[in-house]
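Residue-level listing of the chains:
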Amino acid sequence: MPPAPPAPAIRETMPPPEPPPAPLVRATVPPQPAAPAGPDRPVSSVGGTVVIRRRPRALAYLIEKEGEQVGRVFQLEQDVTDIGRDPRNHVVVTDVLVSGWHARVERAPDGGYVISDRGSTNGSRLNGEPLADLRPLRENDEFGLGNTTLVLKVVQ
C-alpha cells in the first residue's frame, strides 16, 4: 500500500496590522472681536458669543366648548398638534363629521399659534368664517370642526 499523501498545511491568516493613528494637530482659531454691547446685543463673558433671549413658552389649551364632551381640555404641548378623528392625532375628536386628519395647530416662531385645515371633507371654521388657509390662532378664538367647537386659552 502506498504511503498516504501528506495532509495539507493549515495556514492561519491574520489581517494586516492597522497603521498607527495620525498625530493630533491642534488648530488655532484667532479670537473674534466681540460685538458691541447695546440694548439689542447683550454682553457676554465669552468673546464672540451671541446671547439669544428666548421668549418663555406659555401654556396653551384647547377647550371643547360644543360637542360630544363639553369641557374636555387638551394642552398644546408640542410645536405641532394634529386634530382629527383618527386615534393617532394629538387631539382626538369623536364627532362623525370630523375627518381622520382634520386640522393642525402649529407654534409660530414668535410664540403664538397658527391653524390650518388639512383638506378635511367638511371643512373648518375659525370664529364662524371658513378656514381655507393658514391663519393665526389667538386666545379666545373659536375653532369649529363638524359639530364640535374648540376654544384656545393661553396662560402666561
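Everything numeric in this text was worked out from a predicted model, so none of it was measured.

## Let's talk about the overall build of the protein
Helix and strand content of the protein: zero helices and 11 strands. Within the span of the protein, comprising 156 residues, buried residues form 28% of the whole. By sequence separation, contacts in the protein at least 24 residues apart represent 32% of the contacts at least 6 residues apart. Split by element, the accessible area of the protein, about 11800 Å² in all, is 57% carbon and sulfur.

## So, the sheet that holds strand β8 (residues 129–130)
The antiparallel open sheet is built from six strands, whose spatial order is β2-β1-β11-β10-β7-β8. Each end of this open sheet is capped by a strand with a single partner; those strands are β2 (73–75) and β8. Looking at chain direction, strand β10 (residues 142–145) and strand β11 (residues 148–155) are connected through four bridges and run antiparallel. Opposite phenylalanine 143, over in β11, you have leucine 150 as the bridge partner.

## Some words on the side chain of threonine 148
One can find threonine 148 in strand β11. Of note is the side chain of threonine 148, whose polar atom sits 3.1 Å from the side chain of aspartate 95. Apart from the residues lying within four places of it in its own chain, the contact partners of threonine 148 are Glu64, Glu66, Gly67, Val93, Asp95, Arg125 and Phe143.

## Digging into unusual backbone geometry
The backbone of asparagine 127 sits at a positive phi, close to 55°, despite the residue not being glycine. Structurally, asparagine 127 can be placed in the loop between β7 (124–126) and β8. On the basis of relative accessible area, asparagine 127 is assigned to the partly exposed category, the value being 42%. Even without being glycine, asparagine 140 reaches a positive phi, approximately 75°. For asparagine 140, the position within the fold is in the loop between β9 (135–137) and β10. The class for asparagine 140 is partly exposed, based on a relative accessible area of 43%.

## Section: the pairing of strand β6 (residues 113–117)
Where burial is concerned, most of β6 is hidden: five out of the five residues are buried. Taken together, the five bridges between strand β5 (residues 103–107) and β6 define a ladder with antiparallel strand orientation. From the neighbouring strand, arginine 104 faces β6, where its bridge partner is serine 116. Taken together, β5 and the strand that follows it, β6, pair antiparallel across an intervening segment of five residues, in which glycine 111 is found at a positive phi of about 95°. In terms of strand pairing, β6 meets β9 through three bridges, oriented antiparallel. Bridge pairing in β9 places valine 114 opposite proline 136.

Calculation rules
- Residues numbered from 1 in each chain as written.
- Predicted model: local features only at pLDDT ≥ 70, side-chain atom pairs only at ≥ 80, totals over all residues.
- Heavy atoms only, no water.
- Helix = DSSP H or I, 4+ residues; strand = E, 2+ residues; numbered from the N terminus.
- Buried < 20%, exposed > 50% of the residue type's maximum accessible area, 1.4 Å probe, protein only.
- Contact = heavy atoms within 4.5 Å.
- Areas by Shrake-Rupley, 256 points an atom, 1.4 Å probe, with all protein chains shown as cover.
- Pairing = 2+ DSSP bridges.
- Polar contact = N/O pair within 3.5 Å; in protein donor to acceptor, adjacent residues only side chain to side chain.

That's the geometry; what it means functionally is another story.
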